[in-house]
Amino acid sequence: MTPPTTPTTPATTTGISAVTGAIGSAHTRVEGRDKVTGAARYAGEIPFAELAHGWLVLSTVARGRIRSVEDSPVLAMPGVLTVLHHGNAPRVDTDYVGMVGRPNPVLGIFQHDRVPFVGWPVALVVAETSEQAREAAEALVVRYDEEPHDVAFFAGRSDAYTPESNPMVQAETEKGDVEAQLDASAVVVDEEYTTPEEHHNPMEPHAATARWDGGRLDVIDSNQGSTWVATELAMLFSLDPASVRVRSEHVGGGFGSKGLSPHQVAAVMATTILHRPVRVVLTRRQMFSLVGFRSPTAQRMRLGADADGRLRAFDHQALSLTSTVHEFVESSAVLGRVMYDADAHRTFHRLVRLDVPTPAWMRAPGEAPGSFALESALDELAEKCGMDPIALRARNEPETGPVSGLPFSSRNVLACFEEGARRFGWAERDPRPGLRREGRWLLGTGTAAATYPSGAGPSTAAVTAEQDGSFTVRINAADIGTGARTAMVLVAADALKVGPDRIRVRLADSDLGPAMFAGGSMGTRSWAWAVTIAADELREKLALGGGIPPEGITARSNTTEAIGALAKKERHSFGAQFAEVAVDVTTGEVRVRRLLGIYAAGTIVNPLTARSQLIGGMTWGLSMALHEEAIRDQESGSHVGADLAGYHFAAHADVPLIEADWVDDPVPDDPIAIKGIGEIGVVGVAAAIANAVWHATGVRHRDLPIRPDRVLRAADEARRRATEGAPSA
Ligand code: MOS
C-alpha cells in the first residue's frame, strides 16, 4: 500500500497534534535513499514483458524532401519488427490548442516528406533489443532531395519580423517617445549584446515506454508534467482523455526540455501497430535537435538618463530565431517591464525564421539572456554617471509596474542588494576598473539584479486521513529532481498540523487528476495551494469527530477559482547577484572566485533543497557567462560537437564558493505566499560576471561566452587604443 517513495518512519497514532513548523525547516529528500541505492527506477529502466525497443533515425540534411526510406534490407536484419516512416505511420492531429498553446508541429512526425532541419525524425526502427534497433537504424538508408538552407543568425537580418503576441509573450510594449527622451538625456548608453545558442541537457535522457493496457494507453515517461503530456497525447491521437494515463515517478532533470517530444509520439505509434510495449530513449546527440534549446539572441539596449542616473529613456530590442515549422519567442525584453521605469519605455521582440529546430523554454527563458543585456547596460550607465551600480538601481526603483501600472504584491529587491552588499563587502569596492592585481590575475567585482515571475496554474489535489493515523496526499505534481515531493510533505504537514513523518505523497500520475506542470517556477506554488486547501478541508471533516473507515476520509481541492480570485498585481521573485572574478589577460582565462545571490522569493518551503536549486541556477549563470555555446556549421546546417564533450559547460573545477540565501519577503494578500525559485538563480549572474570582468580589466564584454580568445582580443585592442591615444615617446 505504501509507495516506495515515502518516508518509512512508522506513523505515530496520537491523533492530530499541534506539530507545526515543517515549512522553513531543512529536510532531506524523502526519496533520497531510494535514489542513492538505485531502488528508484527511471523511465528507461522499468521492466516490461514483451518490451520492444524503438530507435529514431534523424535527417542528415537541413532542408528538402525525403525521396525514399529504403527499409527492405533493414526489415530483414535480426530482431527488427518494423520501420515506421512517413509512408506508413499512423496519422496524428497537430492542429489543436493544448495547455501551452499550439503544439510544436515537430510532434507531427512521419506525417509528410518535408525535412525542416538537420535532426528531424524520418524513421523509427523497432526491434527486440535496443542494440538490434540501433544497428538497424544506423544501417537504414534514407535518400533526400536537398534544397538550399539558411541557418545564419545575426543582428540586422533584413527578414526579421515582429511575432504575433501570444498568451505567453506580449511581443511589444511602448509608452512615451523614446527618441525624444534619448535626445534630452545627459547620459546615453547604446550598445548591442549577443548570447549564443544554448542547450539544456538533463543528466537523464528523455525516455518513454508506451503500451495499451485494457483499452487504455499507458505511458511511462520522464517529464515535467503528466497532465500536460497525457492531455496532449490524447489530442494528438484523437483519444478520449480518460483513456490515457501518463506516469513519471522519478525524473533526472528537465530545465524546460521535458514536455512533449517526438519520442513519446513515436512510442505510441509503435505500440499501436505492434500490440506490445515499446520504449524509445533519446541519445545525448539526438537531444540536441529534438527537445528544444535556447535561441541565440542579439539585443540592443538604449538607456538615457539625467546626470543623477534617473532614467528618461528605456529601450530594449531583442532578436531571436525560430524554425520554419513553429514560432517560439525567446522573451528577452520582458524584464524591463518589471524592473525599471522611465519617461519613455519600449520593449520589443523580433524573430528570424531559419532551417533549425524550434527553440523552446530553457531555464529562465527570456530572463536569462535578457538580463545579460539589461543588467550589463545598467552597469555601463552607472559607470558613465559615475555612480555606484546599486545606487543607480535604487534611484530607478519603480513604485508600480513600469508598463502595467499595477502594484507589486511585494518587491524586496533593494533588501536583497543591501544584504548582499553587506555580506559581499561591497562597501570596500573602489569603483575604478583595472586597479587590483594579484600576481598574473586582475581582480574585479560586479553585481546585477534578478527577477522572475511568480505565477500559479490551476491544480487539483486529494488528501486522505488513513486509519493508522497517517495521511496520503495525491497530486499530479512532478518532482524533476528539485525536491517537490519533499516540499509537498512539508506543506501538508503544516496544513494538517502533524509531523512530516505522518505524510506520504503520491505524484506524477495523470490518473491523480489535473495539476500544473513543473515549469515557469510555478510548481511548488501551484501544488502547495491545492494541497493546503484540501488539507484545510480535511481538518474540518475530521473535527466533526467519528471513526475513520477503512478507505479513509478524503478531501479534494481545485484551485481554479482561488487563483482567479487573486487580485491582479505584479507578482515576482527578486534577487541581487554578486560576483568576484580573476582575469589573466595574457592567457585570456577568467576564473570566477565568488558568487553570492540573495533572493526575495516569498516563503521558502525547504531551505535545504531551495539553496541547492538556487546554487544550481547560479552555476548555470556562470556556465552561460564563460562556457556555453552551441556551434552550428553553416555548410551542413548541423551542430559541431553535439554532445557533452563538444558542448562546454561549467565543471567542478570552474565552480567556486557559491552562496545563496534569502531575505524575508512576506506577500500580504497572497494566501499561499510561496513564490518560485526554480529559475531566478540563473537570472543576472552572467551580467554580474561580465560587469566584474570589466571592473577587473576595464574592458566590456558584450558577447557571451567570455571566451579566452575574446578576452585576449579585447585586451590587445585596449592596448592598441591606449598606445595610439598616448603621446609618442
Ligand atoms: Mo522551466 S524553462 O519553465 O521548465
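Note that the structure is predicted; figures quoted are calculated from it, not measured. Here the residue numbering is sequential within each chain, running from 1 through the sequence in written order. Given that the model is predicted, a residue must reach a pLDDT of at least 70 before its local features are reported, and side-chain atom pairs must reach 80 or more before they are shown or counted; all residues, however, enter totals for whole chains, interfaces and linings. Water and hydrogen atoms play no part in the side-chain values, which are based on all heavy atoms of the structure.

(A) Here's a closer look at the UniProt feature "domain: Aldehyde oxidase/xanthine dehydrogenase a/b hammerhead" (unreviewed entry) in the chain. Annotation from UniProt places "domain: Aldehyde oxidase/xanthine dehydrogenase a/b hammerhead" (unreviewed entry) at residues 37-148. Helix and strand labels come from DSSP, where a helix needs a run of H or I of at least four residues and a strand needs a run of E of at least two; each type is numbered from the N terminus. Note that residues 37-148 is 13% helix and 31% strand, and that its end C-alpha atoms are spaced 52 Å apart. UniProt positions are given in the numbering used here, feature names are shortened, and annotations may be inferred rather than shown by experiment.

(B) Representation of the pattern of salt bridges within the structure. Throughout this description, the term salt bridge denotes a Lys or Arg side-chain nitrogen within 4 Å of a carboxyl oxygen of Asp or Glu. Following the criterion strictly, the structure yields 63 salt bridges and no others. Residue Asp 190 is joined to Arg 300 by a salt bridge in which the shortest nitrogen-to-oxygen separation is 2.8 Å. Of this pair, Asp 190 sits in strand S8 (residues 187-195) while Arg 300 sits in strand S13 (residues 297-305), and the two are 110 residues apart along the sequence. On the basis of relative accessibility, which here comes to 28%, the residue Arg 300 falls in the partly exposed class. Bridged by salt links that share partners, the residues Arg 216, Arg 245, Arg 506, Asp 509 and Asp 511 form one connected network. For the exposure calls, accessible area comes from a 1.4 Å probe over protein chains only, and a residue counts as buried if that area is under 20% of its type's maximum, exposed if over 50%, partly exposed in between.

(C) Local environment of the sheet that holds strand S2 (residues 64-70). One open sheet holds the three strands; their spatial order is S4-S2-S6, and the pairing between them is antiparallel. Strands at the two margins of the open sheet, each flanked by one partner only, are strand S4 (114-115) and strand S6 (141-146). By the bridge criterion, two bridges tie S2 to S4 in an arrangement that is antiparallel. Bridging from a neighbouring strand, Arg 65 pairs with Arg 114 of S4. Strands qualify as paired when DSSP identifies two bridges or more between them.

(D) Looking closely at the sheet that holds strand S19 (residues 471-475). Taken in spatial order, the four strands of this open sheet run S20-S19-S18-S21, and their pairing is mixed. The open sheet is flanked by strand S20 (503-506) and strand S21 (553-558), the only strands paired with a single partner. Neighbour-to-neighbour, the strand axes of the sheet open up by a mean angle of 15 degrees, direction not taken into account. Both S19 and S20 contribute to a ladder of four bridges, which runs parallel. Paired with Thr 472 across the two strands is Arg 504, which belongs to S20. Only heavy atoms matter for contacts: two residues are in contact if any of them lie within 4.5 Å across the pair. Angular values range over 0 to 180 degrees, each being the angle between N-to-C directions of two axes fitted as lines to C-alpha atoms, with helices fitted over their stretch in contact. Helix-sheet contacts for helix H12 (residues 484-496) involve strand S18 (460-465), S19 and S20, and the interaxial angle to S20 is about 135 degrees. Against the sheet, helix H13 (residues 523-543) touches S18, S19 and S21, its axis set at about 140 degrees to S21.

(E) Fine view of the environment of Arg 302. By secondary structure assignment, the location of Arg 302 is in strand S13. Here Arg 302 falls in the buried class, since its relative accessible area comes to 8%. Here the alpha-carbon distance between Arg 302 and Ala 230, two residues 72 residues apart in the chain, equals 45 Å. If near-sequence neighbours (up to four positions away) are discounted, Arg 302 is found in contact with Val 178, Glu 179, Leu 182, Val 189, Asp 190, Ala 313, Phe 314, Asp 315, Gln 317 and Arg 346. Throughout this description, a polar contact denotes any pair of N or O atoms lying within 3.5 Å of each other; where both atoms belong to protein, one of them has to be capable of donating a hydrogen while the other can accept it, and for residues adjacent in sequence the pair is counted only when both atoms sit in side chains. Reaching out from Arg 302, the side chain makes a polar contact with the side chain of Glu 179 at a distance of 2.8 Å.

(F) Spotlight on the pairing of strand S3 (residues 80-85). With respect to burial, S3 is a largely interior element, five of its six residues being buried. By the bridge criterion, five bridges tie S3 to strand S5 (residues 121-127) in an arrangement that is antiparallel. Bridge assignment links Leu 84 to a residue of S5, and that residue is Leu 124.

(G) How the structure looks around unusual backbone geometry. Cis geometry marks the peptide bond from Leu 704 to Pro 705, where omega comes out at -5 degrees. A positive phi angle, near 50 degrees, is found at Ser 238, a position not held by glycine. If you trace the backbone, Ser 238 turns up in the loop between helix H5 (226-236) and strand S11 (244-247). Take Ser 238: its relative accessible area is 60%, and that puts it in the exposed class. The backbone of Ser 521 sits at a positive phi, close to 55 degrees, despite the residue not being glycine.

(H) How the structure looks around the packing of helix H15 (residues 607-626) against helix H16 (residues 685-697). Two elements in contact, H15 and H16, have axes separated by 7 Å at closest approach and are oriented at 50 degrees. Considered as vectors, H15 and H16 are oriented oblique to each other. For the pair H15 and H16, the crossing hand works out as right-handed. Where H15 approaches H16, its residues Met 618, Gly 621, Leu 622, Met 624, Ala 625 and Leu 626 are matched on the opposing element by Val 685, Ala 686 and Ile 689. Asp, Glu, Lys and Arg are counted as charged, while Ala, Val, Leu, Ile, Met, Phe, Trp, Tyr, Cys and Pro are counted as nonpolar; the rest, among them Gly, fall into the polar class. Residues belonging to the contact of H15 with H16 are distributed by class as follows: eight nonpolar, one polar and no charged. By definition in this entry, angles of less than 35 degrees are roughly parallel, angles greater than 145 are roughly antiparallel, angles of 65 to 115 are roughly perpendicular, and the rest are oblique. When the near helix sits turned anticlockwise from the far one by under a right angle, the crossing is termed left-handed; a clockwise turn instead gives a right-handed crossing.

(I) Structural detail: helix H9 (residues 367-385). End to end, H9 covers 25 Å across 19 residues, agreeing with the expected 27 Å (1.5 Å per residue, within 8%). With 17 of its 19 residues buried, H9 lies for the most part within the structure. Looking at the residues trailing H9, positive phi occurs at Gly 386, about 65 degrees. A helix is expected to span 1.5 Å for every residue after the first.

(J) Inspection of the pairing of strand S14 (residues 311-323) at higher detail. Counting buried positions along S14 gives 12 out of 13 residues, so the element sits mostly inside the fold. Relative to strand S15 (residues 344-354), S14 runs parallel, the two being bridged by 11 bridges. Within the sheet, the bridge partner assigned to Ser 323 lies in S15 and is Leu 354.

(K) How the structure looks around the layout of surface pockets. Put plainly, a pocket is an open set of points on a 1 Å grid over the protein atoms alone with protein on both sides within 12 Å along at least five of seven lines, a cavity is a set where a 1.4 Å probe fits but cannot get out, and a lining residue has an atom within 4 Å of a point. Grid points are joined across faces, edges and corners, and a volume is the space filled by probe spheres set on the points. Reported here for the second largest pocket is a volume of approximately 610 Å³. In terms of lining residues, the second largest pocket is bounded by 23 residues, among which Leu 58, Ser 59, Thr 60, Gly 119 and Arg 285 are the most central. Listing elements by their share of the lining of the second largest pocket, those giving two or more residues are strand S1 (52-58), helix H3 (130-139), S6 and helix H7 (284-290). Residues belonging to the lining of the second largest pocket are distributed by class as follows: 11 nonpolar, eight polar and four charged.

(L) Seen up close, the environment of Thr 358. Checked against the element boundaries, Thr 358 lands in the loop between S15 and H9. In this structure the C-alpha to C-alpha distance between Thr 358 and Phe 328, which are 30 residues apart in sequence, comes to 6.8 Å. Setting aside anything within four residues of it in sequence, one finds Thr 358 in contact with Asn 104, Gly 292, Phe 293, Thr 322, Ser 323, Val 325, His 326 and Phe 328. Here the side chain of Thr 358 touches Ser 323 through a polar contact of 2.7 Å, side chain to side chain.

(M) Broad picture of the side chain of His 199. Along the chain, His 199 turns up in the loop between S8 and strand S9 (207-213). Owing to a relative accessible area of 5%, His 199 belongs among the buried residues under this scheme. A distance of 2.7 Å separates polar atoms of two side chains, one belonging to His 199 and the other to Glu 197. Within the structure, the side chain of His 199 is placed 3.3 Å from the side chain of His 639, a separation counted as a polar contact. Those residues within four positions of His 199 in sequence are excluded, and the remaining contacts are Phe 288, Gly 292, Phe 293, Met 362, Glu 628, Ala 630, His 639 and Tyr 647.

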